[in-house]
Amino acid sequence: MTQGDLLAALRDDVVAAAPMLLGAILVRGPMRCKIVEVEAYRSDDPACHAYQRRTPRTEVMYGPPGIAYVYFNYGVHWMLNVVAHPPGDAAAILIRAAQPLEGLESMRANRGVFKERDLLSGPGKLAKAYGITGEDTGTNLMDISQDGLHLLAPGSPIANVVTGARIGIAEGKWHDVPWRFVDGDAIGWVSRR
DNA sequence: ACATCGATCTACT
DNA sequence: GTAGATCGATGTA
């Protein structure tokens, strides 16, 4: 899969593109990790921040695909999302967990914890390990020519994709939508089992 | 202006 | 397994 393939998928359909992010490499400075857990959010779904309202916070979600949308939650945590769908149609993919590959010492320094399994096993943890904040909103994650935060498309799709209900969504119709995608061969690195 | 609510994490039992 | 922390964005007035 090329960068172009992944970008095209992001523009086309957020639910189809989300599992294609599994196995992608998130790069920043010396740090590299393999994405193992993601969730899709679409504008017709109440759990989506861009549901029925366009606000300053979510403005970037209405732009082109492949751009970073970072928001602050619970007064404590930053969350990294990849914008999907064409301009005017808001959608995003939350990066929830990843397996550390390189630059573990930088991640440990940023996180203040040592255990490898605890470095990136949750959306807030991942953002903290990578030093991701609201200032990273707007970064073009698919542009590998820029030196900062970016994504490398996986060589080939993940063989064993496990789907399920998204985490932290209230019970109801939209809770049951299977828009959480996990790399079934990397279960040990996800946020919850 | 002010009250409410989280796409969570950590520490502690 | 679960309570508590913590604060920006949003909704209502």
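It should be noted that the structure appears before, not after, this text.
Definitions and cut-offs
Each chain has its residues counted from 1, following the order in which its sequence is written. Chain labels run from A onward and ligand labels from 1 onward, assigned in the order the entries are written. In keeping with the predicted nature of the model, local features appear solely for residues at pLDDT of at least 70, side-chain atom pairs appear and are counted solely at 80 or more, and the whole-chain, interface and lining totals rest on all residues. Each side-chain value is worked out from all heavy atoms of the structure, with water and hydrogens disregarded. Each salt bridge in this description consists of a side-chain nitrogen of Lys or Arg and a carboxyl oxygen of Asp or Glu lying within 4 Å of one another. Note on terminology: near, applied to a residue and a molecule or strand, indicates that one of the residue's heavy atoms is within 4 Å of it. Polar contacts, as counted here, are pairs of nitrogen or oxygen atoms within 3.5 Å of one another; within protein the pair requires one atom able to donate a hydrogen and one able to accept it, and residues that are adjacent in sequence qualify only if both atoms are side-chain atoms. Each residue gets one label: Ala, Val, Leu, Ile, Met, Phe, Trp, Tyr, Cys and Pro are nonpolar, Asp, Glu, Lys and Arg are charged, and the others, such as Gly, are polar. Numbering of helices and strands starts at the N terminus; helices are DSSP runs of H or I of at least 4 residues and strands are runs of E of at least 2. Criterion used throughout: strands pair if DSSP finds at least two bridges between them. Between N-to-C directions, angles span 0 to 180 degrees; the directions come from axes that are lines fitted to C-alpha atoms, helices contributing only their stretch in contact. Between 65 and 115 degrees an angle is taken as roughly perpendicular, under 35 as roughly parallel, over 145 as roughly antiparallel, and anywhere else as oblique. Any two residues having at least one pair of non-hydrogen atoms within 4.5 Å are treated as being in contact. Residue burial is assigned from relative accessible area. The probe radius is 1.4 Å, only protein chains are included, and a residue is buried under 20% of its type maximum, exposed over 50%, and partly exposed in between.

Asker: Looking at this structure, I do not really get the pattern of salt bridges. What am I missing?
Answerer: Oppositely charged side chains are able to pair whenever their charged atoms sit close together. Within the structure shown, the criterion is met by 9 salt bridges. Residue Glu59 pairs with Arg54 through a salt bridge whose shortest N-O separation is 2.7 Å. Because the salt bridges share partners, they merge into one network encompassing Glu37, Glu39, Arg96 and Arg180.

Asker: How should I be thinking about the protein's contact with DNA strand C in this particular structure?
Answerer: Inspection of the region around DNA strand C gives Arg53, Thr55, Arg57, Phe72, Tyr74, Gly75 and Val76 as its neighbouring residues. Here a phosphate oxygen of DNA strand C and a side-chain polar atom of Arg53 are 2.5 Å apart. The separation between a phosphate oxygen of DNA strand C and a polar side-chain atom of Thr55 is 2.3 Å. Looking at side-chain class alone, the surface near DNA strand C contains 3 nonpolar, 2 polar and 2 charged residues.

Asker: It is not clear to me how the protein's contact with DNA strand B should be interpreted in this structure. Could you clarify?
Answerer: Residues in contact with DNA strand B amount to 20 residues; listed here are only the nearest, Tyr71, His77, Asn81, Arg111 and Gly124. A distance of 2.5 Å is found between a base nitrogen of DNA strand B and a side-chain nitrogen or oxygen belonging to Asn81. Gly124 places a polar main-chain atom, nitrogen or oxygen, 3.0 Å from a phosphate oxygen of DNA strand B. Elements that contribute at least two residues to the surface near DNA strand B include exactly strand E3 (68–73), strand E4 (77–84), strand E5 (91–102) and helix H5 (123–130). When the residues that make up the surface near DNA strand B are grouped by side-chain class, the tally is 9 nonpolar, 8 polar and 3 charged.

Asker: Honestly, the pairing of strand E1 (residues 25–28) in this entry has me stumped. Any pointers?
Answerer: Put simply, side chains in a regular strand alternate between the two faces of the sheet. Where E1 lies against strand E2 (residues 31–42), 4 bridges are found, and the strand directions are antiparallel. In the sheet register, Ile25 faces E2, and the bridge partner there is Lys34. Hairpin geometry of E1 and E2 is characterised by an intervening segment of 2 residues between the two adjacent antiparallel strands and by a positive phi of about 55° at Gly29. Of the pairings in the sheet, the one linking E1 to strand E6 (residues 150–152) comprises 3 bridges and is antiparallel in character. Within E6, the residue paired with Ile25 across the bridge is Leu152.

Asker: Just to check I follow, could you spell out the packing of helix H3 (residues 104–111) against H5 for this structure?
Answerer: Helices that pack against each other are described as a pair by the angle of their axes relative to one another and the distance between those axes. At a closest axis distance of 7 Å, the pairing of H3 and H5 adopts a crossing angle of 110°. It follows that H3 is roughly perpendicular to H5 by the angle criterion. Between H3 and H5, the residues in contact are Ser106, Met107, Asn110 and Arg111 and Lys125, Lys128, Ala129 and Tyr130, respectively. Broken down by class, the residue content of the contact of H3 with H5 amounts to 3 nonpolar, 2 polar and 3 charged.

Asker: Mind showing me how you'd approach H5 here?
Answerer: One turn of an α-helix holds 3.6 residues; hence residues three or four places apart share an orientation. Among the 8 residues in H5, 6 count as buried, and that is most of the element. Looking only at H5, the buried set comprises Pro123, Gly124, Leu126, Ala127, Ala129 and Tyr130. Here the buried face of H5 lies against E1, E2, E4, E5, H3 and helix H4 (116–119). Positive backbone phi, approximately 65°, marks Gly131, located one or two places after H5.

Asker: Explanation requested: unusual backbone geometry in the structure shown.
Answerer: Excluding glycine, residues mostly have negative phi values, and the peptide bonds linking residues are mostly trans. Not every positive phi belongs to a glycine, and Tyr74 is a case in point at roughly 55°. Summarising the element assignment, Tyr74 is placed in the loop between E3 and E4. A positive phi angle, close to 70°, is found at His85, a residue other than glycine. Checked against the element boundaries, His85 lands in the loop between E4 and E5. Residue His85 is classed as buried on the basis of its relative accessible area, which comes to 7%.

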